[in-house]
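# An overview of the molecular structure
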Amino acid sequence: LLADGKGNAVYLPERECSVQRRNQKVIEEAPSCLLDENTRKAMGEQAVQLALAVGYESTGTVEFLVGKDLGFYFLEMNTRLQVEHPITEYISDVDLVEHMIKIASGDKLSLKQSDISIHGHA
């Protein structure tokens, strides 16, 4: 997600990282083949609500566990740009680093949720 600390935030497409070994990601896939559009939207909206509730200002990743029934449960928030961020950039056409720098310099988030869509698969 991206949030500017001024009440503006957007979520970006999820990355699926269920394949792990010793708590290390082995495969990262985006978007997830498991999620339907309703679940994807609900998870994203929850992530945005969390960021807004704490006045978050930067880019970050909110992690959820998802069950077979598509119920999802908050796990943690990583308050940094993750090494896997190019996967999100690739499928969303959003330069996370550019927006992170603009937010850090005090700019208002220039994106709206309607600007974000999924293009392809990585």
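Given the structure is predicted, the values throughout are model-derived calculations rather than measurements. (Residues numbered from 1 in each chain as written. Predicted model: local features only at pLDDT ≥ 70, side-chain atom pairs only at ≥ 80, totals over all residues. Heavy atoms only, no water.)

### Things to note about the overall build of the protein chain
Operational definition: Going along the chain from the N terminus, every DSSP run of H or I of four or more residues is numbered as a helix, and every run of E of two or more is numbered as a strand. Radius of gyration means the value over C-alpha atoms here, while the globule rule gives 2.2 Å times the residue count to the 0.38 power. Only protein chains enter the accessibility calculation, which uses a 1.4 Å probe; a residue whose area is less than 20% of its type maximum is buried, one above 50% is exposed, and one in between is partly exposed.
Tallying secondary structure elements over the protein chain gives 3 helices and 7 strands in all. The linear arrangement of helices and strands in the protein chain, starting from the amino end, is β-β-β-β-α-β-β-β-α-α. Taking 2.2 N^0.38 as the reference for a compact globule, 122 residues should give roughly 14 Å; the C-alpha atoms of the protein chain span a radius of gyration of 14 Å, in line with that estimate. Its C-alpha atoms give the protein chain principal-axis dimensions of roughly 40 × 30 × 25 Å. Counting all 122 residues of the protein chain, 43% fall into the buried class.

### Considerations on a nonpolar patch on the surface
Worth spelling out the cut-off: The patches reported here contain residues having more than 30% relative accessible area and no salt bridge. Joining distances are 9 Å for like charges and 5 Å for nonpolar side chains (Val, Leu, Ile, Met, Phe, Trp, Tyr). Surface exposure here means Shrake-Rupley accessible area, sampled with a 1.4 Å probe, where a residue is shielded only by the protein chains that are shown. Salt bridge, as used here, is a side-chain nitrogen of Lys or Arg placed within 4 Å of a carboxyl oxygen of Asp or Glu.
A cluster of nonpolar residues, Val 19, Val 26 and Ile 27, forms a patch on the protein surface that exposes about 260 Å² of accessible area. Note that Ile 27 resides in the loop between β4 (24–25) and α1 (37–53). Residue classification places Ile 27 among the partly exposed positions, given a relative accessible area of 46%.

### A closer look at the packing of aromatic side chains
Operational definition: The pairing test for Phe, Tyr and Trp rings, Trp by its six-membered ring, is centres within 6.5 Å, and the orientation test on the planes gives stacked under 30 degrees, edge-to-face over 60, and tilted for anything in between.
By the definition in use, this model includes 2 aromatic pairs. Ring centres of Phe 64 and Phe 72 lie 5.3 Å apart, and the angle between their planes is 85°; this geometry places the pair in the edge-to-face category. Relative to Phe 74, the ring of Phe 64 lies with its centre 6.5 Å away and its plane at 80°, an arrangement referred to as edge-to-face. Here the residue Phe 64 occupies a position in strand β6 (residues 61–66), and Phe 74 occupies one in strand β7 (residues 72–78), the gap between them amounting to 10 residues. Residue classification places Phe 64 among the buried residues on the basis of a relative accessible area of 18%. Through pairs of rings, three or more aromatic residues link up here, namely Phe 64, Phe 72 and Phe 74.

### Brief notes about the side chain of Asp 4
Operational definition: For this count, His and the chain ends are skipped, Lys and Arg are scored as positive, and Asp and Glu as negative. Polar contact is defined as a pair of N or O atoms within 3.5 Å, subject to the rule that within protein one atom must be able to donate a hydrogen and the other to accept it, and that residues adjacent in sequence are counted only when both atoms are side-chain atoms. When checking whether two residues touch, look at their non-hydrogen atoms; a contact exists if any pair is within 4.5 Å.
Relative to the elements of secondary structure, Asp 4 occurs in strand β1 (residues 2–4). Buried charged residue Asp 4 carries no salt bridge. Nearest counter-charge: Lys 6, at 5.8 Å. Reaching out from Asp 4, the side chain makes a polar contact with the backbone nitrogen of Lys 6 at a distance of 2.8 Å. Those residues within four positions of Asp 4 in sequence are excluded, and the remaining contacts are Tyr 56, Glu 57, Ile 103, Asp 107, Lys 108 and Leu 109.

### Here's the deal with helix α3 (residues 96–104)
The cut-off we apply is this: Directions drawn from the helix axis to the C-beta atoms are what define this arc.
Those residues of α3 that sit buried are Leu 96, His 99 and Ile 103. Summarising the axial view, the buried residues of α3 lie within an arc of 70°, below the 170-degree limit, and thus occupy one face. Facing away from the buried side of α3, by more than 90 degrees, are the exposed residues Ile 101 and Ala 104. Buried residues belonging to α3 abut β1, β5 (57–59) and α2 (85–92). The N-cap residue of α3 is Asp 95: its side-chain oxygen and the backbone nitrogen of Val 97 are 3.1 Å apart. Just downstream of α3 lies Gly 106, where phi reads positive at about 100°.

Any link to function would need more than the numbers given here.
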